[in-house]
Amino acid sequence: MPRAAFVSIGTAVPERVVTNADLVARMDTSDEWIQQRTGVQERHWVVEGEGVADLAERAARRALEKAGWQPSDVEAIVFATIQSDHVFPGDGCYLQGRLGLPGIPAIDIRNACSGFLYGLSVASAWIQTGQYRRVLLVGAEVQSTGLDVSTRGRDIAVIFGDGAGAACLEATDDPGRGVLNVQLHADGRFTRELSGDAPGAVYHPRVSVKQIEDGSIYPHMEGQKVFKHAIVRMPEVVREALAKAGLQTGDIKLLVPHQANLRIAEAVQRSLELRDDQVFNNIQKYGNTTAASIPLCLEEGLTARGVRRGDLVALCSFGAGFTWASALIRW
Ligand code: UT7
């Protein structure tokens, strides 16, 4: 059976940089609090008129260029985002149209911070079964336009950033290369702990003036609860993947954890007893970009940690749902 191999990764973030000082001007917070509690120094936020599909297209075109592919080489698109530009259709179709690929399938994945890994599982399965040989996998988010940037929303607003990452995946018969396994989990008992209530189909109309005024349109997060689950689930799901592949933590050349909070990533590293040179984080520059965070971090981590063909790369995530996931890849 062929495996899915990463041929290239392309990324894009908005040009507009928002520093912690910029946030201090809008809410009761401090650079010290944000850096100590989250590690974030700055993030990129879109400007008016710039959306998820814009970032995704930029990342996708970079990935295609790096792979030496024409857009017409792509046989299917898997698009992970929870922040679509419009209510429907999903951004996968917008991206497909922009790339000029009428007829190929475009599927949207709404698994928040685990979206890129859920998407990787779908793309990898398509490639393994021979349904498609070349798949474009995208993780893209615009969080900033949905944040409460007043003091009321400060616990969430300081964390999130906008961005996109795209990967060209191709079938390989090389036994020393490709996605070894992807582990996926969810626990719907915790839907409320990290959620966006409105607009929603259960409301008539889907959003009201009252909901806008009382803040129901903004994300709700029970930060400490999310934190406590994340630092258990992420190491656990990496160990699960390693055990299935008959590998050890010492075999990992590079671990890229979802960039939720630097303290979470550091706790995951400690729990897995990994050295600093085995892990890469870049939340300092981008904040938490949800489904885009893994490809954004992976692209830089490959260079920073000198990953070569055949090295073992591990990815893991935790986020809304709750959902959590991991992937092991021979690069
Ligand atoms: O990727 C999606 C998954 N999301 C996550 O993984 C996020 C997980 N959670 C977290 O990263 C952390 O829980 C937060 C960064 C959200 C919050 O950090 P914390 O250390 O858990 O702080 P806390 O919520 O316990 O709040 C501590 C204090 C509170 O004040 P009091 O009650 O002690 O007086 C908050 O009101 O910090 C206050 N606070 C802030 N102060 C300054 C909350 N946000 C801010 C802020 N600036 N931005």
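Predicted model, so just to flag it, every value in this text is computed and none were measured. (Residues numbered from 1 in each chain as written. Predicted model: local features only at pLDDT ≥ 70, side-chain atom pairs only at ≥ 80, totals over all residues. Heavy atoms only, no water.)

## Looking at the pairing of strand S4 (residues 76-80)
Looking along a regular strand, one sees side chains alternate from face to face of the sheet.
Thinking step 1. Most of S4 sits inside the fold, with five of its five residues counted as buried.
Thinking step 2. Burial along S4 is two-sided: the residues Ala76, Val78 and Ala80 and Ile77 and Phe79 are all buried.
Thinking step 3. Taken together, the five bridges between S4 and strand S6 (residues 134-141) define a ladder with parallel strand orientation. Bridged to Ala80 within S6 is Gly139.
Thinking step 4. Examined bridge by bridge, S4 and strand S5 (residues 106-109) share four bridges and lie parallel to one another. The partner of Val78 across the bridge, within S5, is Ile107.
Thinking step 5. Note that the unit made of S4, helix H4 (residues 91-98) and S5 has a crossover that is right-handed. (Buried < 20%, exposed > 50% of the residue type's maximum accessible area, 1.4 Å probe, protein only. Helix = DSSP H or I, 4+ residues; strand = E, 2+ residues; numbered from the N terminus. Pairing = 2+ DSSP bridges. Right-handed = clockwise from strand over helix to strand, strands pointing away.)

## Quick notes on the site of the ligand
Thinking step 1. What surrounds the ligand is a group of 22 residues, the closest being Thr29, Arg37, Gln224, Asn261 and Asn288.
Thinking step 2. For the ligand, a nitrogen atom lies 2.6 Å from a polar atom in the side chain of Thr29.
Thinking step 3. The contact in question runs from an oxygen atom of the ligand to an N or O atom on the side chain of His258, over 3.0 Å.
Thinking step 4. Compared with its free state, where it exposes 950 Å², the ligand has 74% of that area covered by protein.
Thinking step 5. Contributions of two or more residues to the shell around the ligand are made by helix H2 (31-38), helix H6 (154-157), helix H8 (223-245) and helix H9 (262-271).
Thinking step 6. Top element by residues in the shell around the ligand is H8. It accounts for four residues. (Near = heavy atom within 4 Å. Polar contact = N/O pair within 3.5 Å; in protein donor to acceptor, adjacent residues only side chain to side chain. Areas by Shrake-Rupley, 256 points an atom, 1.4 Å probe, with all protein chains shown as cover.)

## So, the packing of aromatic side chains
One pair of aromatic rings is described through two measures. These are the centre distance and the angle between the planes.
Thinking step 1. The final tally for this structure, using the stated rule, is five aromatic pairs.
Thinking step 2. An aromatic cluster of three or more residues is present, and its members are Phe190, Phe318, Phe322 and Trp324. (Phe/Tyr/Trp six-rings, centres within 6.5 Å; stacked < 30°, edge-to-face > 60°.)

## A look at the sheet that holds S4
Thinking step 1. Taken in spatial order, the five strands make up an open sheet running S1-S7-S6-S4-S5, and their pairing is mixed. Of all the strands in the sheet, just strand S1 (3-12) and S5 have a single pairing partner and so form its edges. The average angle at which neighbouring strand axes cross in this sheet is 20 degrees, direction not considered.
Thinking step 2. Against the sheet, helix H11 (residues 293-304) contacts S1 and strand S7 (163-172), and its axis sits at roughly 100 degrees relative to S1. (Axes fitted to C-alpha atoms, helices over the stretch in contact; angles between N-to-C directions. Contact = heavy atoms within 4.5 Å.)

## Regarding the environment of Asn282
Thinking step 1. Tracing the chain through its elements places Asn282 in the loop between H9 and helix H10 (283-286).
Thinking step 2. C-alpha separation for the pair Asn282 and Phe116, spaced 166 residues apart in sequence, amounts to 17 Å.
Thinking step 3. Sequence-distant contacts of Asn282, defined by excluding residues within four places in its chain, comprise Gln259, Leu296, Cys297 and Glu300.
Thinking step 4. At 3.2 Å, the side chain of Asn282 and the backbone oxygen of Leu296 are in polar contact.

Treat this as a map of the structure, not an account of what it does.
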